[in-house]
Amino acid sequence: MMKSILLLLLIPLRTNCFSLITFDVDGTLVKGSGQAAAESAHARAFSHAISTVLNNSQPVASVAEALPRQLYHGSTDGLILLRLAKATLGMDSKDSFAKLEEMFACMYEFMSDMDEEEIAAHITPLPGVMDHLGTLATMKDQVMCGLVTGNVEGIARKKMKAVGIYDTRALSPPCATQRQWVGSEQYGFLGGFGSDFCSGDIDSLERNHLDRGEQIAIATNRCRNILNKDGNNMQQPLKRVVHVGDAPADVLAAKWFSERQYEEHKNSKNIGDKICVGCVAVATGSYSAQELRDLAGEPISGVWEPVILEEGMGDPDFLKACGIL
């Protein structure tokens, strides 16, 4: 706790530059009941997609039944689908990967047939989330907000609308390059999603964070595209990207992205190329503050600035931890 407080004091004010804050969903913005891993709409969508696309509509086991927790918690929808196909059908990931886009669409269609009450069943916003998002909605002259999540983009839209997070207006509009999801066009938002990137590698647990790191990169590029669009009245360059998440994959993904940014731009003479990467690791999921702190390692000022918050977005200093106050 003391280390987090000290680091907060060291983070400089960032009001003269533009920031992007990306949020994980499960365990960060929302919490699930003990039934969520097996009975939530999203959880049921996985086995539905495997059954429909790969198994002639014959039922298969749920994610929670078929996979050990480390193979789905903090992972991405794409990797989870491939692992579930392997576990339930014995299907090689090279074969199931070819059907991944079809399975993403099937998952989305499955949830599109539900009303918001069913989608929101077993999940609810965590303490402090709605209040802090409400504040961020008033700061759009200096901050963009989006999601970086393993969720299929259309499913993320459905979940954020169903639990009321979309209605805070904190999430920034989507980039023009983001795909269309029929039926949810009116509540799209910026981000990098599980449907945007999947390595297809189900054998290495490192892919849980490396795939997520690619999603941070995608969200960052989309934010830059919006800021650089002709006629945009936001003249500040993007100088800070902060990822907020509860799982080891979130911390390691942000750290990997920080290292990649540094290596790619350390010799650049264009100051607009260089960004500081932060991470607010929240101990509101299944991992302790100490576990997250150990993974984050030591900060490097202006390059890698992690903060660990035991109370997550319920901490009154959350926005300070993001470096924007």
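The structure this text deals with has already been given above.
Treat the numbers as computed from the prediction; the structure is a model and nothing was measured.

Draft legend 1. Examining the side chain of serine 258 more closely. With respect to the helices and strands, the residue serine 258 is situated in helix α12 (residues 248-265). Residue classification places serine 258 among the buried positions, given a relative accessible area of 3%. Residue contacts for serine 258: discarding those within four places in its chain leaves Val277, Val303 and Trp304.

Draft legend 2. Spatial organisation of the nonpolar core. If you look at the biggest cluster of nonpolar residues, it comprises 70 residues, and the most contacted ones within it are Ile21, Phe23, Leu29, Leu136, Leu147 and Met160. Here this core takes 8 residues from helix α7 (residues 100-112), the largest share from any one element. Those residues in contact with isoleucine 21 that lie beyond four places of it in its chain are Leu136, Val143, Met144, Cys145, Gly146, Val242, Val244, Cys322 and Ile324. In terms of nonpolar packing, the next biggest core, distinct from the first, is built from 29 residues, Leu227, Ala254, Ala289 and Val303 among them.

Draft legend 3. Highlighting the pattern of salt bridges. One pass over the structure, following the stated rule, counts 15 salt bridges. Across the pair aspartate 26 and lysine 159 runs a salt bridge whose closest N-O atoms are separated by 3.3 Å. Taken together, the positions of aspartate 26 in the loop between β1 (18-23) and β2 (30-32) and lysine 159 in helix α10 (residues 153-162) put the pair 133 residues apart, joining distant regions of the chain. Since its relative accessible area comes to 35%, aspartate 26 is described here as partly exposed. The salt bridge partner of arginine 179 is glutamate 101, with a shortest N-O separation of 3.0 Å. Of the two residues, arginine 179 sits in the loop between α10 and β5 (191-192) while glutamate 101 sits in helix α7, which places them 78 residues apart along the sequence. Through salt bridges that share partners, Asp24, Arg212 and Asp250 make up one connected network.

Draft legend 4. How the structure looks around the packing of helix α5 (residues 77-89) against α7. Their axes nearest at 11 Å, the elements α5 and α7 cross at an angle of 105 degrees. On the basis of the axis angle, α5 is roughly perpendicular to α7. Facing α5, whose interface residues are Asp77, Gly78, Leu81 and Leu82, α7 presents Leu100, Met103, Phe104 and Met107. Its residues assigned to classes, the contact of α5 with α7 comprises 6 nonpolar, 1 polar and 1 charged.

Quick notes on the rules
- Residues numbered from 1 in each chain as written.
- Predicted model: local features only at pLDDT ≥ 70, side-chain atom pairs only at ≥ 80, totals over all residues.
- Heavy atoms only, no water.
- Helix = DSSP H or I, 4+ residues; strand = E, 2+ residues; numbered from the N terminus.
- Buried < 20%, exposed > 50% of the residue type's maximum accessible area, 1.4 Å probe, protein only.
- Contact = heavy atoms within 4.5 Å.
- Core = buried A, V, L, I, M, F, W, Y, C linked by side-chain atoms within 4.5 Å.
- Salt bridge = Lys/Arg side-chain N within 4 Å of Asp/Glu carboxyl O.
- Axes fitted to C-alpha atoms, helices over the stretch in contact; angles between N-to-C directions.
- Parallel < 35°, antiparallel > 145°, perpendicular 65-115°, else oblique.
- Nonpolar A, V, L, I, M, F, W, Y, C, P; charged D, E, K, R; others polar.

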